[in-house]
Amino acid sequence: MIYMAIPFLLMDLIIRIMGYKIDFFPAYYPVPNLFTILWIFLFLGIILSLKGIAGKIAYWVLFGISFAMFLTNCIYYSLTSFYFSFNLIQMADEGSSYLLDTIKNTNPLIYITALFILITAVFAFRKMPKTDKFHRKRLLIIFIIFVILHFILPFLLGPANSKLKWNTFKKPRNIYENYSDSNKSMKVSGLYEYSVRNFYITFIKPTPQISEEDQKFLDEIYKKTDTKTADKYTGLFRDKNVIFLQLEGMDTWLLNKKNTPNLYQLLNHSINFTDHYSIYTGGGSTFNSEFAVNTGFTTPISYTENVYTFNKNTFDDTLAKLFKKEGYSVNAFHMNSSDFYSRAINYKSWGYDNYFGLKDFAHYDSDLQYELDRELIQNPTMYKNMFQQQGKFLDYIITYSPHTPFTTTKEVGKLIAEMKYGKGNVPELSEEETAKLMVGETDYMVGLLMQALKDNNLYDNTVIIAYADHYLYTLLDKTILDKYKNTKNNLINRTPFFIWSSDITPTEVKEVTMQMNILPTALNLFGIDYNSNYYIGQNALADDYQGYAFFNDYSWYDGNVYVENGKIANKGKMRRKKVDDISEKIHNIIRKNDLTLKYDYFKQK
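Residues numbered from 1 in each chain as written. Predicted model: local features only at pLDDT ≥ 70, side-chain atom pairs only at ≥ 80, totals over all residues. Heavy atoms only, no water.

1. Focus on the packing of helix α19 (residues 411-421) against helix α20 (residues 431-455)
Geometrically, a packed helix pair is captured by the angle between its two axes and the distance between the axes.
Next up, step 1: The geometry of α19 relative to α20 is characterised by a closest axis approach of 10 Å and an angle of 80 degrees between their N-to-C directions. What the angle tells us is that α19 and α20 run roughly perpendicular. Of the residues in α20, those in contact with Val412, Gly413, Ile416, Ala417 and Lys420 of α19 are Leu437, Met438 and Glu441.
Next up, step 2: Residues belonging to the contact of α19 with α20 are distributed by class as follows: five nonpolar, one polar and two charged. (Axes fitted to C-alpha atoms, helices over the stretch in contact; angles between N-to-C directions. Helix = DSSP H or I, 4+ residues; strand = E, 2+ residues; numbered from the N terminus. Parallel < 35°, antiparallel > 145°, perpendicular 65-115°, else oblique. Contact = heavy atoms within 4.5 Å. Nonpolar A, V, L, I, M, F, W, Y, C, P; charged D, E, K, R; others polar.)

Laid out in structure tokens, this is it:
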């Protein structure tokens, strides 16, 4: 039995060790190994319970299926850095043309390893004991033991988040329950559990059925004629390069001439959306903004689901895919690793050519140097892929440095303070002063970015679309915000959003905007055709644009009144009927957002 188990154990261990760069659940953790042992126990139990040739056939069938999954995952991971998922079969036509080339160009070491495993399987087969009868009772006991232990094992992964939280993607039990990230799912499960569970979720698990009422609601929205019209901004930046600059924690009170002179200079020579809101959600506000800008949708409000789990949904009209159709190369840049928020998988599903995370490839003397925003520009790999591409480009840059904790005694705050004042000379700074110091690092990066555009003759042909991911809710001392913002309600979410180009006249847009307006607004400015019904936000520069922002408690703000629980909660005035009409409109927009994501509506297109 030990001989027979060896090839199965080898396949599992090799495939998980192959993903050693995935910073999640090392191969020596108990649960995936226990899953593998349990499956091998079932395999051998079946083989050794069958009579004569039936057992031998069962051995080669079970080994053959396992070997096929092993080899498929090895080849796919070696080429893409992702483990194989059965949902890829639905896109088989797209990849069939280069399937043979893929197999031929795979690292030969994979085939050598596979050959070695095949030899061990033949050797184990020759050692296989003979069975002269069908052991029905033994097989039944084996199945009962398997079912009981298989039920227990997921609990050893620890508790799952029952509510929407930013760190759900870090919880092994959540990974196992959702199975939306193939890399993490393989790491927590092992080859055999992953293959079976992935197959079950892809092909067998009942999908929630949309009601006739909800189906009709979505059909009426998406089958409407697109009524958007051209305006004076349509095509203003046609064929220019574009940099989307997502600014971590860049609150309105931090962006000023003293703290951030480079950003302040850009802001005052831009189309400045002065009443912009980055809605906060408990499911990770940074990635929520990435999702909103890239897809035009946001974290579901009426049910609990993190947006980074929607990477298997169909989005044909993302930021990246529409710009790629116009001949742009599209790349994303951040300091964090590709597995954080499952970014590599999500950015790939949105259509990006690459996601570059400093933690994945850069090596520094200081463990925290990669958290300095300047490294996004100074790192040679980042610099080359941002500024020295062939043809038109879209860069999506996500900053990090103004990140909690706001202290000079540890982490990136300490590093930035020592860089400014010298080790041993850092004065005692308050949390507010530290936050201002840390945004200076982002501003320094912006200065490097602008210089790089000049050095590469891109300054006059590149647009920068800049916005904050969220207000600075990560401060421990909330009284700091009371000095600068309205903190009584959701209007605390007000953040900067502006669009810079060297040749535009500075303009203030006072209508209310939010993250979901950024994508259609950008598409219009670049003259890229899109269907306005396919997003929940509208072009904020359109002649007929009527702005509003809504929040995760269904409250909303239109620049005049803030409505909460159906009542005006500020000093603004509005007729009751209009309040009710807008409230119903907001309700339907949220319903459109949530149902579209829940039922993957665009897959029907």
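2. Brief notes about the sheet that holds strand β2 (residues 270-273)
Next up, step 1: Spatial ordering of the open sheet is given by β5-β4-β6-β1-β7-β9-β2-β10, a layout of eight strands whose pairing is mixed. Taken across any chain shown, the strands that pair with only one partner, and hence form the sheet edges, are β5 (354-357) and β10 (507-509). Here the average twist between neighbouring strands, direction ignored, is 15 degrees.
Next up, step 2: For strand β1 (residues 241-247) and strand β6 (residues 393-398), the ladder comprises five bridges, and the chain directions are parallel. The partner of Ile243 across the bridge, within β6, is Asp395.
Next up, step 3: Of the strands in this sheet, β1, β6 and β7 (462-468) touch helix α13 (residues 285-295), which is tilted by about 160 degrees from β6.
Next up, step 4: Here α20 sits on the sheet and contacts β1, β6, β7 and β9 (497-500); the angle it forms with β1, its principal contact strand, is near 175 degrees. (Pairing = 2+ DSSP bridges.)

3. With respect to the environment of His269
Next up, step 1: Relative to the elements of secondary structure, His269 occurs in the loop between α12 (261-267) and β2.
Next up, step 2: Note on His269: relative accessible area 36%, which makes it partly exposed.
Next up, step 3: As for His269 and Gly537, which are separated by 268 residues in sequence, their C-alpha atoms are 25 Å apart.
Next up, step 4: Dropping the residues within four chain positions of it, His269 is found in contact with Trp500, Ser501, Ile504 and Pro506.
Next up, step 5: Reaching out from His269, the side chain makes a polar contact with the backbone oxygen of Gln265 at a distance of 2.9 Å. (Buried < 20%, exposed > 50% of the residue type's maximum accessible area, 1.4 Å probe, protein only. Polar contact = N/O pair within 3.5 Å; in protein donor to acceptor, adjacent residues only side chain to side chain.)

4. Some remarks on the side chain of Ser182
Next up, step 1: Among the secondary structure elements, Ser182 is positioned in helix α9 (residues 182-189).
Next up, step 2: Ser182 gets classed as buried once you look at its relative accessible area, which sits at 12%.
Next up, step 3: Beyond its immediate sequence surroundings of up to four residues, Ser182 is in contact with Phe82, Tyr83, Tyr194 and Ile345.

5. Focus: the pairing of β6
Looking down a regular strand, the side chains alternate between one sheet face and the other.
Next up, step 1: For β6, a buried count of six out of six residues is recorded, marking the element as mostly surrounded by other parts of the structure.
Next up, step 2: Side chains Phe393, Asp395 and Ile397 of β6 all project onto a buried face; the interleaved residues Leu394, Tyr396 and Ile398 project onto the opposite face, where all are buried too.
Next up, step 3: Judged from the five bridges that link them, strand β4 (residues 329-334) and β6 form a sheet pairing that is parallel. Paired with Phe333 across the two strands is Ile397, which belongs to β6.

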